[in-house]
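Geometric and topological summary
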Amino acid sequence: MQAAPAYLTALALVVFLGLPVALALRLRGFALLAASIAGSFAIITLSSFLAPLLGLSWSIILPVVTAIGISAVLFPLGRRFSPRPAVGIIRSLVNPLIAVAVAAALIGTLVKSGLGAPDAISQSYDNVFHLNLVQFILDGRDASPLHMTLAVPEATSQFYPNTWHATAALVVQLTGASVELATGSMIFATACVVWPVAVLFFASPLVGQKLRHHLAVAVVASGFTAFPYMLLSWGVLYPNLLSTALIPIALGFLGAVLRTNTAGTRIAPFSMWVGLAGALMASAAAHPNALFGFAALGLPLVIASLPSFLRAAGSTGAQVLRASAALLPFIAIGALWLRLGTGDNGREFEQNPVKAAISALTNSPLLDQRAWFLTVLVLGGVFITMWCKEHRWLVGSYLVAVGLYVVASGLSGPVRTAITGLWYNDAHRLAALIAIAAVPLAAITLARLTDMVAAGARSAEISERLPQAKLAVFAGAMIAVVLVGAAFGLRGGSMNLMVEKLHELHQIDEESRLLSTNEIELMREAKDILPEDAVIAGNPWNGSALAYTFADRSVVFPHLGGQYGKDALQIAKNLKMGSLKACDAANRHGVTHVLDMGELYSVRGDAMRHLDYPGLTDVSGSPVLTPILTEGDATLYELTGCA
């Protein structure tokens, strides 16, 4: 229960901050929920840019004021350009909220099993940066993405997509929660609320409008190891987790723009375009490669829908305007795709394209066990979609996502970098895109099964034996059996393997590689005894970098990588020997303490990490350091020998 305030606050920030904007657009149902979430993150991002320009510290005040201001602008425009919805707000939300609650429960139980404690931390390379960046925002009271100089302290400006971290910082400020607990609250908010709302908004128009159809989407949305679970077990990739979860909202509004209908409720063109722009802004701010994921999955929809979209315009001028609006964003994103990129990371995930294709098509990317039940559902959706000649573009989007994954996972070299370099050639990030397209395909199959059960339950023979009220209960019970059976079927070997990986990565004991229980205890004790202006040096690879978050004191090396300057290099190489140059560098940095966390190093074994920081490793015999606190193999020293 101690975690409840943080978790509820994260939920409130994610949903309610953008709710006034969604209401101003006169949206209902899934569209209302989706726009609220996208609006919340767009508002947080916009506010984070504006705060330093206005001379304001980062707090909840500016996002709230920004939300009110945007709503005030959109409210009269919504009244002018959007007709009054025929259905009330509460009534429109009943079925969507039921479906979201089911998805949240299914996903939440798996995430909880994987993470364990509400404040569990990922014992991974990137998590050092993510936790410390939240602390960095709190210390500087500045969440501008242009000022994220944590790992380049000598720089005056550094861009990093920090929507996740800015939101987590708000959770800390509003509740007093620890950074790690705020991070846990963001994980559950993203995996259990943002993703279900987003994918239900995107998939429901394709699957069906009845509650059983929504529940079919909810069930299958919980069953893909590729998302959201894989991005929690690799990296860890919190910004990509959030950006990928938001992509279906942009796709849903794109579908609304092109087809003028979504989730059973007609949306005015003005609201569609505003929703699309806001969703793209939110997802791209969380991580820019969301733009390219959106383009890859959305292009088949645009190509398939463009003829009817243009015919509905009437005049030639209106058709040109519509064609420009539909195609120019994709042309611009394509141009960026060609111009931007990263270097090849050199990692070969599955050695060859055939193996990569098999793992993608069997819904078990980068896992040794196949998800056969889920694969049957997805392939069934492919067959139904092609046979019924409806939403065939969805199969195209699915194949594009599979193709991108195959390139990243099965190839290497310049060809791979040219195509998937925007995702750092990381197969994990691209596997997540497969889930976005595959969820509606699998849900189509499951929904048709529920339709068959409903029709069978209402057959003439059964209708003659049961009164109408009991007949409805009987049909509902049979549908529930199908959905519950599917939910259990999705928790097969591959999902169990993924949950085990999650649990292993988040397990904390005396032998944990990044942070052990002893090390966490030492840093929490250090927080109580060290002066607030203390500066700690340590080998970041053994976990000492996280003293910034856990001890709330400045550290010389807050990440495992970075550019820290010549003085920091001198400290890393020679401080324990007490050389004059190292002491002078330590004095300039204000170093007061050294934290030695032993020789368990994070990421792919020891990897000779002690060689990078010989002046901060095995310092027990140093003539310039005096031990003041010890827990297990971790010891905190005071720098006493540098005059």
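These numbers come from a predicted model, not from an experiment.

Rules used throughout
Residues numbered from 1 in each chain as written. Predicted model: local features only at pLDDT ≥ 70, side-chain atom pairs only at ≥ 80, totals over all residues. Heavy atoms only, no water. Pairing = 2+ DSSP bridges. Helix = DSSP H or I, 4+ residues; strand = E, 2+ residues; numbered from the N terminus. Expected span 1.5 Å × (residues − 1). Bend = angle between axes of the 7 residues up to and from the residue. Core = buried A, V, L, I, M, F, W, Y, C linked by side-chain atoms within 4.5 Å. Buried < 20%, exposed > 50% of the residue type's maximum accessible area, 1.4 Å probe, protein only. Contact = heavy atoms within 4.5 Å. Axes fitted to C-alpha atoms, helices over the stretch in contact; angles between N-to-C directions. Parallel < 35°, antiparallel > 145°, perpendicular 65-115°, else oblique. Left-handed = near helix turned anticlockwise from the far one by under 90°. Disulfide = S-S within 2.5 Å. pLDDT = per-residue confidence, 0-100. Phe/Tyr/Trp six-rings, centres within 6.5 Å; stacked < 30°, edge-to-face > 60°.

Strand order in the open sheet made by the five strands is S2-S1-S3-S5-S4, with mixed pairing throughout. Every interior strand has two partners, whereas the edge strands, strand S2 (554-555) and strand S4 (625-631), have only one. Pairing analysis gives six bridges linking S4 to strand S5 (residues 634-639), with the strands arranged antiparallel. The residue bridging Leu625 from the neighbouring strand is Leu639, located in S5.

With 23 residues, helix H13 (residues 289-311) ought to run about 33 Å at 1.5 Å a step, and its terminal C-alpha atoms sit 33 Å apart, in line with that. Maximum bend of H13: about 50°, positioned at Ser305, with proline Pro307 one to four residues after it.

What follows covers the nonpolar core. Counting residues in hydrophobic clusters, the biggest one holds 224 residues, and the most contacted among them are Ile37, Ile249 and Phe294. Here the element with the most residues in this core is helix H8 (residues 179-207); it accounts for 21 residues. When near neighbours in sequence (up to four residues on either side) are disregarded, Ile37 contacts Val14, Val15, Val193, Val194, Val197, Leu246 and Ile249.

What follows is about the environment of Ile247. Of note, Ile247 is situated in helix H11 (residues 238-259). Judged by its relative accessible area of 2%, Ile247 is buried. The residues contacting Ile247, other than those within four sequence positions of it, are Ser283, Ala290, Gly293, Phe294, Leu433 and Ile436.

Take the packing of helix H7 (residues 163-175) against H8 next. Packing of H7 against H8 brings their axes to within 9 Å, and their N-to-C directions diverge by 120°. Regarding the angle of H7 to H8, the classification is oblique. Crossing of H7 against H8: the hand is right-handed. Contacts between H7 and H8 involve Trp164, Thr167, Ala168, Val171 and Val172 on the former and, on the latter, Val179, Ala182, Thr183, Ser185, Met186, Ile187 and Thr190.

Quick look at the state of the cysteines now. If you walk through the whole model with that rule in mind, you get one disulfide. Note that Cys583 is cross-linked by a disulfide to Cys642, the S-S spacing being 1.9 Å. Between Cys583 and Cys642 the disulfide shows an S-S torsion of about -60°. By sign, it is left-handed. With Cys583 in helix H26 (residues 580-589) and Cys642 in the segment after S5, this residue pair connects regions lying 59 residues apart in the sequence.

For residues with low pLDDT, the predicted coordinates do not support detailed interpretation. With 93% of its residues at a pLDDT of 70 or more, the protein chain has an overall mean of 89. For the protein chain, the element scoring lowest by mean pLDDT is helix H20 (residues 460-465), at 58; H7 scores highest, at 97. Segment residues 260-264: pLDDT under 50, and 15 contacts once partners within four positions in sequence are set aside and those in other chains are kept.

The next thing to look at is the side chain of Thr385. Along the chain, Thr385 falls in helix H16 (residues 372-388). Taking the relative accessible area as the measure of exposure, Thr385 reaches 2% and is therefore buried. The contact partners of Thr385, leaving out residues within four places of it in the chain, are Glu390, His391, Arg392, Val395, Leu441 and Ile444.

Right, let's get into the packing of aromatic side chains. Counted according to the given criterion, the structure contains 15 aromatic pairs. Between Phe81 and Phe270 the ring centres are 5.5 Å apart and the planes differ by 35°, which places this aromatic pair in the tilted class. One end of the pair, Phe81, is in helix H4 (residues 61-81); the other, Phe270, is in helix H12 (residues 269-286), with 189 residues separating them in the sequence. Look at Phe81 and you get partly exposed, because its relative accessible area is 44%.

For helix H14 (residues 316-339), built from 24 residues, the straight-helix expectation of 34 Å at 1.5 Å per residue is met to within 8% by its first-to-last C-alpha distance of 33 Å. Largest kink in H14: about 35°, centred on Leu327, with the proline Pro329 one to four residues after it. Listing the buried residues of H14 in full gives Ala323, Ala326, Phe330, Ile333 and Trp337. Against the buried residues of H14 lie H11, H13, helix H17 (393-410) and helix H18 (414-420).

This paragraph deals with the pairing of strand S3 (residues 593-596). Strand residues, when the strand is regular, have side chains that alternate between the two faces of the sheet. The alternating pattern of S3 places His593 and Leu595 and Val594 and Asp596 on opposite faces, both of which are buried. Where strand S1 (residues 535-537) lies against S3, two bridges are found, and the strand directions are parallel. Paired with Ile536 across the two strands is His593, which belongs to S3. Sheet analysis places S3 next to S5, joined by four bridges and oriented antiparallel. If you follow Asp596 over to S5, its bridge partner there is Thr635.

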